[in-house]
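# Architecture and fold: a report
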Amino acid sequence: MSESDRQSWDEIRCALTEYLEAIEEIFAEAIVESRIVKDKLYLHVKKEYLDDVVSFIYWELNGFLSSMIGVDEGPIDGTYKLYYVMSMEGYEVDSSAKPWIIVVASLPWHDT
């Protein structure tokens, strides 16, 4: 990995940390788990906060909803999972690198 690539990853990680802090400031009680992996912040939230967290990322942090994914994980843990994939358009290191936030909520099978 070149020095400029390492610097880009460091900048993205710093941006993701700032995004996480902004989300935690308002939605601390909503967050079940969070982790940063490379250029992505994975944010597992309680289902009742899903709309509010995604709206905050969109309106306040300039996130763009790139995709929504529903996954049947019933055989694994008895839930359906909703994944909202947000590209962070307000921040780019260069044309090939930008941070992403993946917001996840679990829905028990019996809620469907």
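Look a little higher up for the structure.
Residues numbered from 1 in each chain as written. Predicted model: local features only at pLDDT ≥ 70, side-chain atom pairs only at ≥ 80, totals over all residues. Heavy atoms only, no water.

## A word on the overall build of the protein chain
Filter applied, for reference: Helix numbering and strand numbering both begin at the N terminus, where a helix is a DSSP run of H or I of at least 4 residues and a strand a DSSP run of E of at least 2. Burial status follows relative accessibility: with a 1.4 Å probe on protein chains alone, a residue under 20% of its type maximum counts as buried, one over 50% as exposed, and anything between as partly exposed. Residue contacts are counted whenever heavy atoms from the two residues lie within 4.5 Å of one another. Surface accessibility in these figures is a Shrake-Rupley result with a 1.4 Å probe; residues are shielded only by whichever protein chains are displayed.
For the protein chain, the helix and strand inventory stands at three helices and five strands. Listing the helices and strands of the protein chain from first to last along the sequence gives α-β-β-α-β-α-β-β. The 112 residues of the protein chain split such that 36% are buried. The contacts of the protein chain with a sequence gap of at least 6 include a subset with a gap of at least 24, amounting to 52%. Surface summary for the protein chain: the accessible area is close to 6,700 Å², and the carbon and sulfur share equals 52%.

## A short note on the pattern of salt bridges
The line we're drawing: Put simply, a salt bridge is a Lys or Arg side-chain nitrogen that is within 4 Å of an Asp or Glu carboxyl oxygen.
This model, assessed by the stated rule, comprises five salt bridges. Where Lys81 meets Glu73, a salt bridge forms, and the shortest distance between an N and an O atom there is 3.1 Å. Judged by relative accessible area, Glu73 falls into the buried class, the value being 15%. A salt bridge links Lys81 to Asp77; its shortest N-O distance comes to 2.7 Å.

## Some points on the side chain of Thr79
The condition is simple: In protein, a polar contact means a hydrogen-donor-capable atom and an acceptor-capable atom, both N or O and within 3.5 Å, with residues adjacent in sequence counting only if both atoms are side-chain atoms; elsewhere, any N or O pair within 3.5 Å suffices.
Its location among the elements puts Thr79 in strand β4 (residues 79–88). A distance of 2.6 Å separates polar atoms of two side chains, one belonging to Thr79 and the other to Asp77. With sequence-adjacent residues up to four places away left out, Thr79 is seen in contact with Val71, Asp72, Glu73, Gly74, Ser106, Leu107, Pro108 and Trp109.

## Side note on the side chain of Lys81
Here Lys81 is to be found in strand β4. Classification of Lys81 by relative accessible area gives buried; the value is 9%. A polar atom in the side chain of Lys81 sits 2.7 Å from the side chain of Asp77. In this structure the side chain of Lys81 is engaged in a polar contact, spanning 3.1 Å, whose partner is the side chain of Thr79. Ignoring any residue separated from it by four or fewer positions in sequence, one finds Lys81 in contact with His44, Ile69, Gly70, Val71, Glu73, Val104, Ala105 and Ser106.

## Here's the deal with the pairing of strand β5 (residues 100–108)
Rules: Only strands that DSSP links by at least two bridges are regarded as paired with each other.
Pairing of strand β2 (residues 40–45) with β5, which is carried by six bridges, proceeds in the parallel orientation. Paired with Tyr42 across the two strands is Ile102, which belongs to β5. Across nine bridges, the pairing between β4 and β5 is antiparallel. Residue pairing in the sheet places Thr79 in a bridge with Pro108 of β5.

## Examining the nonpolar core
General note: in soluble globular proteins, nonpolar side chains tend to be found buried as a group. The line we're drawing: As used in this record, nonpolar core signifies buried Ala, Val, Leu, Ile, Met, Phe, Trp, Tyr and Cys residues forming a set joined through side-chain atoms within 4.5 Å.
Counting 26 residues, the largest nonpolar core has Ile23, Val53, Ile57, Ile101 and Val103 as the members making the most contacts within it. When residues of this core are traced back to their parent elements, those giving at least two are α1 (3–27), β1 (31–37), β2, α2 (50–61), β4 and β5. Top contributing element to this core by residue count: α1, with seven residues. Beyond its immediate chain neighbours, meaning those up to four positions away, Val103 contacts Leu43, Val45, Leu50, Val53, Val54, Ile57, Leu82, Tyr83 and Tyr84.

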